[in-house]
Amino acid sequence: GGQPQPRFAYSYQFIDDGQASGDGLLQSEESARLRVIVKNTGQGKANKPFALLRNLSGDGVLINKGRFEMQPLGPGEERTIDFTFETNKEFSEPAVRVELQVYDYALHEGVTDKLSFPVVDATPKARPASGVVQLNADAQILAGASSSAPVIGRAGRGVRFVQNQTFDDFARIELEPGRPGFVRTAALTPVTQLPSEVGKAWTLVWQVTPPHCSVLV
């Protein structure tokens, strides 16, 4: 039997804010952050968990902080970390490829996954938007303003969010402070009520075990 073991699930989201285009898609010469939420879904405690992000692409990708040591993670607990990276003029590949590793030093137990973020040349046109919008149907929440962007969450009909920009067929909504999401504008109706309570409005999609293939779009 031995000791109960920790097990890691994680959810990741590419976020471009600051000087970036804000569309949740990677353009060349853009800096962005990769938000990773790590959860211990096992029965045991992870005493020395850490997360590591490594560049698998060629030149032109700079990972500013690629290693985080986390506080011990008990069963059911989660932590949020923000890696930051940027691409510069030397980068010429069609996608930024990185390896994400979540690992417990004490037990040599962990998960590794290869992630891929396609570089998009054509930026959808950003238009300012404001006010509260309500979902008129159950909807997937995407990481970017493209139907090929990864699904990061789900929200039910009748849930309300603040929107702050639109990009062609997608609206950028605020899931929580510092965390945007994208929903098709066709699923949204402007309303005068307040947004739904943060944390109750949507559910996160967990990448529990690494997929067998990279997330290539």
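Described below are features of the structure shown in this document. On a predicted model such as this, the values are computed, not experimentally measured, just so you know.

1. Some details on the sheet that holds strand S4 (residues 61–65)
Strand order in the open sheet formed by four strands is S1-S2-S6-S4, with antiparallel pairing between adjacent strands. Looking along the sheet, the strands with just one partner apiece sit at the ends: strand S1 (8–15) and S4. Along the sheet, successive strands turn relative to each other by an average axial angle of 25°, direction set aside. In this sheet, strand S6 (residues 78–87) lies alongside S4 in antiparallel orientation, the contact comprising four bridges. Paired with valine 61 across the strands is threonine 87, a residue of S6.

2. Observations regarding the pairing of strand S2 (residues 31–40)
With eight of 10 residues buried, S2 is to be regarded as a mostly interior element. With eight bridges connecting them, S1 and S2 associate as antiparallel partners. Bridging across to S2, alanine 9 finds its partner in lysine 39. Alignment of S2 against S6, held across nine bridges, turns out to be antiparallel.

3. Section: the nonpolar core
Note on soluble globular proteins: their nonpolar side chains tend to be buried together. Within the largest apolar cluster, 29 residues are counted, with the highest numbers of intra-cluster contacts made by Leu34, Val36, Phe83 and Phe117. When residues of this core are traced back to their parent elements, those giving at least two are S1, S2, strand S3 (49–55), S4, S6, strand S7 (95–104) and strand S8 (109–118). Discounting residues that sit within four places of it in the chain, valine 36 has contacts with Tyr10, Ser11, Tyr12, Arg79, Thr80, Ile81, Phe83 and Leu100. In this structure, Ile141, Ala171, Val183 and Trp202 belong to the second largest nonpolar core, which totals 17 residues.

4. Observations concerning the sheet that holds S8
Pairing is antiparallel in the open sheet, where four strands are placed in the order S5-S3-S7-S8. Single-partner strands in this sheet number two, and they are strand S5 (67–69) and S8. Between one strand axis and the next, the sheet turns by 10° as a mean value, whatever way the strands run. One ladder, built from three bridges, connects S3 with S5; its direction is antiparallel. Following the sheet pairing, leucine 52 is matched in S5 by arginine 67.

Each value, and the rule that gives it
Residues numbered from 1 in each chain as written. Predicted model: local features only at pLDDT ≥ 70, side-chain atom pairs only at ≥ 80, totals over all residues. Heavy atoms only, no water. Pairing = 2+ DSSP bridges. Helix = DSSP H or I, 4+ residues; strand = E, 2+ residues; numbered from the N terminus. Axes fitted to C-alpha atoms, helices over the stretch in contact; angles between N-to-C directions. Buried < 20%, exposed > 50% of the residue type's maximum accessible area, 1.4 Å probe, protein only. Core = buried A, V, L, I, M, F, W, Y, C linked by side-chain atoms within 4.5 Å. Contact = heavy atoms within 4.5 Å.

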